[in-house]
Amino acid sequence: MFFGKGGGVEEVSSGSLQRLSDSCFDKKMSKLDSRAAAIASGLSAAIQEFRSACTSFMELNAEPYTEDLWMPNINSIKKQKQQYASALMGIADECSLIVSPLPVAYERYMAILSSISELSGRVLRTNATFKQAFYCYSKHLGAFKKTMAQIDRLSSSLKSELDSHSADYNAYLDVGRKISQLSAYVQELASLEKDIGAIGKPGTAPADNFEKANAFAAESLARKREELNDISGKISETSKKINSLTAPLERASKKFDHMTLGRKPLSRFLLDPINTLSSESAYAEFKSLMVDFSKALISGSIDLKNAEYVAAAASELEESGIYESIEMLKSLKAKKSETESEIRSLENEIGLISSAKRKVTDAAQEADALKSKSLSVSKSMNELKGQIEAAFEANYGKRIRIIL
C-alpha cells in the first residue's frame, strides 16, 4: 500500500515493493509492449499460415521428384511424406503463443520468443529426420518455407526488441533480487526478536548470588566431610577396642565350648561380637556364658598354659561394658550413613547451583549473540533499503521511502 508524502516521495511497505517494481518496469517498457505486441500478432498469423501450409502438404497427392535418386522406392517415399506432414502438423498444433501469466510484459514476450524458437528448432530437426521426403517434395513446400521465413524474421525482430532493453530488464531483475533479500532480512529480524524475547532477562539474578550460595554450600560440605572423618575415626577406634577385648579369649572359648556341649557356643559371640551382641537378650546370654567361663578358668578346668592371662582378659571383658560400646558403634554407623546422605545432598546442591549459574551465563551470552546478530541484520537491511530506494529513482525516476 502506498501513501503519498510531500516532496514527491511515496512511502511503500516492504510487502508492496515487488508489485510497484513490476508496475514501474511495465510503464517504462510501454513502447516495447506496443511494438512487441504487433510482432506477436504477426507471429500468431504466421503460425496460422504455417498450419494451413502443413494441412495443404498433408492433403497433397503428387508424385515425388526422384530423377536424381538411384533406384528410388516411390511407395516408401510417399509413406515418408505422410509421416513428415503428420510430424509438421503436430508441431503446428502444439505451438501456442498463449503463455502463462507472468509479472511483467517483457517476460511474457520472452516466453513467446522461447516458444517460437522451440517451434523452429523442432521443424529443423523434423526436416533432418525426413530429409528424403523434404528433398523429393521440395517444390511443393514453397508456402511452408515462406511461412517459416516469415516466422524467423518476426522472431528476429522480437529478439532485437527484447535485446535492446536487456539492460533495463537486468536492472529490474537486480531490484527484484534486492527486494527478495530485504524480505528475508525482515523475516530474519522478526525471528531474532522473537528468540530474544523467549530468552527473557537472563541477567535478573546477580552473579554474586550464585557465588554466595555456592560458598555457603561448599562451607557446609567441608564441615560435613570433617564430621564424617571424625565419625569414621570413632567407628574405627571403637571397633578396635571391642575386638581387642574379645581376641585374647577366642582360643580358650573354643575349648570351653567343647566342655559345654548343648549350650550356645561362647566362641560365636567372641569371634563376631559386633553382630552377635545385637540385643539385650543376646547380651544376657553372653554374660551367663562368661560367668561359667570365668569359673572354669579359675578352677583350672580348661587346660591352658597362660590361664592367668586369659582369666585377667576375661575379667576385663566382663567389666568393660562391651554392650554399651556396641550400641554406641551402631549409633556411630547410623550417624555416618546420615552424614554421607547430607554430603551427597550438598554435592547435588553445589552441582545445581553451578548448573543454574551456567544456564544464566549461557542465556546471557546467547542473548548478546542474538542482539549482535540483530544489529548486523538491521544494518544490512537499512543499507539494502537505501540501495532499493536509489535504484527506483535511477531506473524509473521515482522517489520512494520504504516502510519496514
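Residues numbered from 1 in each chain as written. Predicted model: local features only at pLDDT ≥ 70, side-chain atom pairs only at ≥ 80, totals over all residues. Heavy atoms only, no water.

## Topic: the overall build of the protein chain
Okay, step 1: A tally of regular secondary structure across the protein chain gives 14 helices and three strands.
Okay, step 2: Expected size for 404 residues packed as a compact globule is a radius of gyration near 22 Å; at 54 Å, the protein chain overshoots this value by more than 25%.
Okay, step 3: Expressed as lengths along the three principal axes of its C-alpha atoms, the size of the protein chain is roughly 155 × 80 × 30 Å.
Okay, step 4: Only carbon and sulfur atoms are counted for the fraction: they give 52% of the accessible area of the protein chain, which is about 23,300 Å².
Okay, step 5: Charge-centre separation for the protein chain: the mean point of 54 positive side chains lies 6 Å from the mean point of 53 negative side chains. (Helix = DSSP H or I, 4+ residues; strand = E, 2+ residues; numbered from the N terminus. Rg over C-alpha atoms; globule rule 2.2 N^0.38 Å. Areas by Shrake-Rupley, 256 points an atom, 1.4 Å probe, with all protein chains shown as cover. Lys, Arg positive; Asp, Glu negative; His and termini not counted. Charge placed at Lys NZ, Arg CZ, Asp CG, Glu CD.)

## Focus: the pattern of salt bridges
Okay, step 1: The final tally for this structure, using the stated rule, is 20 salt bridges.
Okay, step 2: A salt bridge links Glu-285 to Lys-264; the nearest nitrogen and oxygen atoms lie 3.3 Å apart. Of this pair, Glu-285 sits in helix α12 (residues 280–299) while Lys-264 sits in the loop between α9 (250–259) and α10 (266–271), placing them 21 residues apart in sequence.
Okay, step 3: What makes Glu-285 partly exposed here is its relative accessible area of 29%.
Okay, step 4: Look at Lys-264 and you get partly exposed, because its relative accessible area is 35%.
Okay, step 5: A cluster of three or more residues bridged by salt bridges with shared partners is formed by Lys-224, Glu-227, Lys-335 and Glu-342. (Salt bridge = Lys/Arg side-chain N within 4 Å of Asp/Glu carboxyl O. Buried < 20%, exposed > 50% of the residue type's maximum accessible area, 1.4 Å probe, protein only.)

## Side note on the confidence of the model for the protein chain
Okay, step 1: Predicted confidence across the protein chain gives a mean pLDDT of 88, with 96% of residues reaching 70 or more.
Okay, step 2: A low-confidence stretch, residues 1–6 stays under pLDDT 50, and its non-local contacts, those more than four residues away or across chains, total 16 contacts. (pLDDT = per-residue confidence, 0-100. Contact = heavy atoms within 4.5 Å.)

## With respect to the nonpolar core
Soluble globular proteins tend to bury their nonpolar side chains together.
Okay, step 1: Grouped together as the largest cluster of nonpolar side chains are 65 residues, with contacts concentrated most on Leu-17, Leu-43, Phe-144, Ile-151, Leu-158 and Phe-392.
Okay, step 2: Grouped together as the second largest cluster of nonpolar side chains are 31 residues, Leu-270, Ala-282, Ala-314 and Ile-322 included. (Core = buried A, V, L, I, M, F, W, Y, C linked by side-chain atoms within 4.5 Å.)

## Observations regarding the side chain of Asn-127
Okay, step 1: Summarising the element assignment, Asn-127 is placed in helix α4 (residues 105–129).
Okay, step 2: By relative accessible area, which is 14% here, Asn-127 ends up buried.
Okay, step 3: Beyond its immediate sequence surroundings of up to four residues, Asn-127 is in contact with Tyr-84, Phe-134 and Phe-144.

## Points about the environment of Leu-370
Okay, step 1: In this structure, Leu-370 sits in helix α14 (residues 322–396).
Okay, step 2: The class for Leu-370 is buried, based on a relative accessible area of 14%.
Okay, step 3: Each C-alpha atom of the pair Leu-370 and Glu-324 lies 68 Å from the other, and the pair is 46 residues apart in sequence.
Okay, step 4: Not counting residues up to four positions away in its chain, the partners in contact with Leu-370 are Leu-192, Asp-195, Ile-196 and Ile-199.

## Side note on the side chain of Thr-66
Okay, step 1: Tracing the sequence through the fold places Thr-66 in the loop between α2 (30–59) and α3 (74–94).
Okay, step 2: A relative accessible area of 18% means that Thr-66 is categorised as buried.

## Quick notes on the pairing of strand β2 (residues 9–13)
Okay, step 1: Summarising burial for β2: four of the five residues are buried, a large majority.
Okay, step 2: Taken together, the five bridges between β2 and strand β3 (residues 399–403) define a ladder with parallel strand orientation. Note on β3: the bridge partner recorded for Ser-13 is Ile-403. (Pairing = 2+ DSSP bridges.)

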